[in-house]
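Residue-level structure breakdown
For reference, the chains in residue letters:
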Amino acid sequence: MGVNAIPEGFHNITPYLGIQKAAEAIDFYKKAFNATEVMRLAMPDGGIGHAELRINGYPIMLGTPCDQGPLSNPDQSPSVGLHLYVEDVDSAFAQAIAAGGTVISEVKDQFYGDRTGTLKDPYGHLWFLATHKEDLSQEQIEQRAREMFQQG
C-alpha cells in the first residue's frame, strides 16, 4: 500500500505560523486553547524548526522564523503561510505559477518526507504546496535534520 498524499489526520489546508518565540507560543496555545502538541523539532540554537499542534482536533503548524525560510515575525512580513496538501505537488505548483504566483522555493523532496514548493500569491500570501511521500517517525525526521544541518 502506498503513502497517502495527504498525511493521516490532516485536511488539505493547514495554517502555518512563523513565531520568534515559538516554544513560548506553544505553551500559550496549550493553556489558552487546550492545544495538544503532536510533534516538535527543536533546533540546535533552541528555536523550533517545526511543530504541529491540534486545537479541537484540527492541525496548526508553526516554527521559529529563520533566514532560510520565507516566514518572518508578525512585525515584519509575512508571518502566516497556508500549507496545502495536494495529490500532485508538481502540477499544482505549475498551475499556481501559471496563474500569477511567484516562486519562493522550487518543488523538491524534503528531509521530513514531503515534496514541497513555496510560492507567493499576487496578494502577498505565502503558500506551501506539498505532497506527502514518506511516512517517517519523529526520530527519523530528527536524524535527517541533523544530517542536513551538518552538511550545510
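Residues numbered from 1 in each chain as written. Predicted model: local features only at pLDDT ≥ 70, side-chain atom pairs only at ≥ 80, totals over all residues. Heavy atoms only, no water.

A separate point is the side chain of histidine 50. Among the structural elements, histidine 50 can be located in strand S3 (residues 48–55). Residue classification places histidine 50 among the buried residues on the basis of a relative accessible area of 18%. Reaching out from histidine 50, the side chain makes a polar contact with the side chain of tyrosine 16 at a distance of 2.9 Å. Filtering out sequence-adjacent residues up to four positions away, histidine 50 remains in contact with Tyr16, Met39, Arg40, Leu41, Met61 and Leu62. (Helix = DSSP H or I, 4+ residues; strand = E, 2+ residues; numbered from the N terminus. Buried < 20%, exposed > 50% of the residue type's maximum accessible area, 1.4 Å probe, protein only. Polar contact = N/O pair within 3.5 Å; in protein donor to acceptor, adjacent residues only side chain to side chain. Contact = heavy atoms within 4.5 Å.)

Going through the model one piece at a time under the given rule, you end up with 5 salt bridges. Glutamate 134 is the salt-bridge partner of arginine 144, the closest N and O atoms lying 2.8 Å from each other. Of the two residues, arginine 144 is situated in helix H3 (residues 138–151) and glutamate 134 in the loop between strand S8 (126–132) and H3; the sequence distance between them amounts to 10 residues. For glutamate 134, a relative accessible area of 31% puts it in the partly exposed group. If you follow the salt bridges from partner to partner, you end up with Lys30, Glu37 and Arg40 in one network. (Salt bridge = Lys/Arg side-chain N within 4 Å of Asp/Glu carboxyl O.)

Another aspect to go through is the nonpolar core. Membership of the largest hydrophobic core is limited to 12 residues, which are Leu17, Ile19, Ala22, Ala25, Ile26, Tyr29, Ala35, Ile48, Ala51, Leu53, Ile60 and Leu62. Taken together, the elements giving at least two residues each to this core come down to helix H1 (22–33), S3 and strand S4 (58–63). Sorting elements by how many residues they give to this core places H1 first, with 4 residues. (Core = buried A, V, L, I, M, F, W, Y, C linked by side-chain atoms within 4.5 Å.)

Attention now moves to the packing of aromatic side chains. For the coordinates displayed, the defined rule picks out 4 aromatic pairs. Stacked on the ring of phenylalanine 10, the Lys or Arg arginine 54 has its end atom at 4.9 Å from the ring centre. (Phe/Tyr/Trp six-rings, centres within 6.5 Å; stacked < 30°, edge-to-face > 60°. Lys NZ or Arg CZ within 6 Å of the ring centre and 35° of its normal.)

Attention now moves to H1. The end-to-end C-alpha separation of H1 is 15 Å, in line with the 16 Å expected for 12 residues at 1.5 Å each. Where H1 is buried, its residues meet strand S1 (13–18), strand S2 (36–42), S3 and S4. Where H1 ends, the next residue or the one after it, asparagine 34, has phi of about 55 degrees, a positive value. (Expected span 1.5 Å × (residues − 1).)

Right, let's get into the layout of surface pockets. Roughly 1,500 Å³ of volume is contained in the largest pocket. As for the largest pocket, its lining consists of 49 residues, and the residues nearest its centre are Tyr16, Gly49, His50, Phe111 and Tyr112. If you list the elements that add at least two residues to the lining of the largest pocket, you get S2, S3, S4, strand S5 (80–85), strand S6 (102–109), strand S7 (114–120), S8 and H3. Top contributing element to the lining of the largest pocket by residue count: S3, with 5 residues. The class makeup of the residues in the lining of the largest pocket is 23 nonpolar, 17 polar and 9 charged. (1 Å grid on protein atoms, 1.4 Å probe; cavity = no way out; pocket = protein on both sides within 12 Å on 5 of 7 lines; lining within 4 Å. Points joined across faces, edges and corners; volume = space filled by probe spheres on them. Nonpolar A, V, L, I, M, F, W, Y, C, P; charged D, E, K, R; others polar.)

The analysis is restricted to geometry; functional conclusions fall outside its scope.
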